[in-house]
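Observations on the three-dimensional arrangement
Single-letter residue listing:
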Amino acid sequence: MQTVDILIKNGNILTLDDQNSTLESGFLCVTGDTITHVGKTGEDDFAPARTLDAHGGLILPGLVNGHTHAAMSLFRGLADDLPLMEWLNHYIFPVESRMDADFVYTGTLLACAEMILSGTTTFCDMYLFEEQVARAAKEAGMRCLVGEVLYDFPSPNYGPIEKGLEYTESLIQKWRNDPLVSIAVEPHSLFTCSPSLLQASNEIALKYKVPLIIHVAETAQEVSEVKERYGKTPVEHLHALGVLDAHLIADHCVHLEDADIERMAEHGGKVVHNPESNMKLASGIAPIPQLLAHGVTVGLGTDGCASNNNLDLFTEMDMAAKLHKLHTMDPTVMDAITVLRMATIEGAKALGLDHLIGSLEAGKKADIIIVDTNKPHLTPIYNPYSHLVYAARGNDVIHSMIRGQWVMRDRELLTLDLTDLLMRARRKSMQVREWLGQSRPQSLCHR
């Protein structure tokens, strides 16, 4: 009899492996931080230290949020329904210029709590004071890929861009062997970063063999500006600079031409789709079906809470599927399995983490969630993939495990003191109001 640490039984397992194998009434074993067995028979061959009964729920890999600005959880609902530049210039930029490391740390802890409670076990972040993001994720027990945002103008964190490149290298070196925290190089975009900064960023990414992450073609205005400045589309510009390669993760990619899609596929660039943010800011609809048809790896992200309002990947999956069906007038586009894979194994591939996570297979790290299906809106079940994309919500996740450790059990957050965290977040919101010279919450949306 084989000794294991944890045995999870009596659940319908969606492995999200290459064959999308599904095991009804299956079980899996975890030893240390690793999945050691997945199967339907032979449960009595294992002697677990602890057993969890899934009570017929759905067992699947933890979700992967491929693009966030986690600390912006403290800006949720700040001046919604405004034009993008007014929103940025009169609300977001003024408060970002005054925030500090503790603000980012608190906001990231709040985001981690929300993500754990809604089934996300891995996130990718781009923001300021990213050392604090890494620290918060580590405290919450979450897996993450993070990087300091780099741009041509001075940062409230590191100052001039030369220091930003040094800061990025120091992050890579400090967290290099951490089992949960990985570091990427993250120049903000093509319209806020000079060609020399993009190339310097790429050199660091190649030197340390880490991803390079950039906002690409998010708005029509961005594309026009890049064309006017460089005579090329954003993807052409990346290619001309030698930046477009398999280590590139391009966020958004809303406004791509056919040649851009072909070039992304040819060079192995990855894409993270953020449909709710793109809709809310009226940025447009990314050509995701075309990217997938060309074999481009596409993950799914929520973006930050200031441009989406939640970090729930279940609602993001639902929106991603329906948006493209409507846009193409084809109900077969972006089927449930495709979209669920974008939030799990394909998202892991996009971040370069698929050797560790994204599917439930022996040898992979034990990042696992269990969805409670004993609810009216999830009963009966004919197709579990369809249920997860079109019917389930984040609060249907009842248990979450990361690296073999429970971070949520029976809807109880185990790694963070939620009561204390919510109190701290409310105090930070009072700072935001002071920074904006506002006295009442409702006045933040006053025209």
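Since the structure is predicted, the reported quantities are computational estimates derived from the model, not experimental observations.

**Concerning the pattern of salt bridges**
Within this structure, the stated rule accounts for 19 salt bridges. Close ionic contact of Glu 114 with Arg 76 constitutes a salt bridge, the shortest N to O distance being 2.8 Å. You can see Glu 114 sitting in helix α2 (residues 101-117) and its partner Arg 76 sitting in the loop between β6 (63-68) and α1 (84-96), a full 38 residues away along the chain. Its relative accessible area of 18% is what places Glu 114 among the buried residues. Take Arg 76: its relative accessible area is 33%, and that puts it in the partly exposed class. As a salt-bridge pair, Lys 227 and Glu 257 come within 2.9 Å of each other at their nearest N and O atoms.

**Considering the packing of helix α4 (residues 161-175) against helix α5 (residues 195-208)**
At a minimum axis distance of 11 Å, the contact between α4 and α5 shows a crossing angle of 15°. As far as their axial angle goes, α5 and α4 are roughly parallel. Note that α4 runs across α5; the crossing there is right-handed. Facing Ile 161, Leu 165, Glu 169, Ile 172 and Gln 173 of α4, the residues of α5 in contact are Leu 197, Ala 200, Ser 201, Ile 204, Lys 207 and Tyr 208. Split into classes, the residues belonging to the contact of α4 with α5 amount to seven nonpolar, two polar and two charged.

**Some remarks on the sheet that holds strand β13 (residues 270-273)**
The four strands lie next to each other as β11-β12-β13-β14, forming an open sheet whose pairing is parallel. If you trace the sheet from one side to the other, it starts and ends with β11 (212-216) and β14 (298-300), each paired once. Averaged over all pairs of adjacent strands, the angle between their axes in this sheet comes to 30°, without regard to strand direction. Of the pairings in the sheet, the one linking β11 to strand β12 (residues 248-252) comprises five bridges and is parallel in character. Bridging from a neighbouring strand, Ile 214 pairs with Ala 250 of β12.

**Remarks on the confidence of the model for the protein**
A residue-level look at the protein finds 98% of positions with pLDDT of 70 or above and a mean pLDDT of 95. Mean pLDDT across the elements of the protein bottoms out in α1 (83) and peaks in β14 (99). Contacts from residues 439-447, a stretch scored under 50 in pLDDT, to residues over four places away or in other chains number 16 contacts.

**Observations regarding the environment of Ala 366**
Structurally, the position occupied by Ala 366 is in the loop between α13 (345-350) and β15 (368-371). Each C-alpha atom, one on Ala 366 and one on Leu 109, is 22 Å from the other, the two residues being 257 residues apart in sequence. With sequence-adjacent residues up to four places away left out, Ala 366 is seen in contact with Val 30, Asp 33, Thr 34, Ile 35, Met 401, Ile 402, Arg 403 and Gly 404.

**Quick notes on unusual backbone geometry**
Note that the residue after Thr 379, namely Pro 380, is joined by a cis bond; omega there is -5°. Among the structural elements, Pro 380 can be located in the loop between β15 and α14 (384-390). Even without being glycine, Ala 282 reaches a positive phi, approximately 55°. Position of Ala 282 relative to the elements: it lies in the loop between α9 (275-280) and α10 (288-293).

Rules and cut-offs
- Residues numbered from 1 in each chain as written.
- Predicted model: local features only at pLDDT ≥ 70, side-chain atom pairs only at ≥ 80, totals over all residues.
- Heavy atoms only, no water.
- Salt bridge = Lys/Arg side-chain N within 4 Å of Asp/Glu carboxyl O.
- Helix = DSSP H or I, 4+ residues; strand = E, 2+ residues; numbered from the N terminus.
- Buried < 20%, exposed > 50% of the residue type's maximum accessible area, 1.4 Å probe, protein only.
- Axes fitted to C-alpha atoms, helices over the stretch in contact; angles between N-to-C directions.
- Parallel < 35°, antiparallel > 145°, perpendicular 65-115°, else oblique.
- Left-handed = near helix turned anticlockwise from the far one by under 90°.
- Contact = heavy atoms within 4.5 Å.
- Nonpolar A, V, L, I, M, F, W, Y, C, P; charged D, E, K, R; others polar.
- Pairing = 2+ DSSP bridges.
- pLDDT = per-residue confidence, 0-100.

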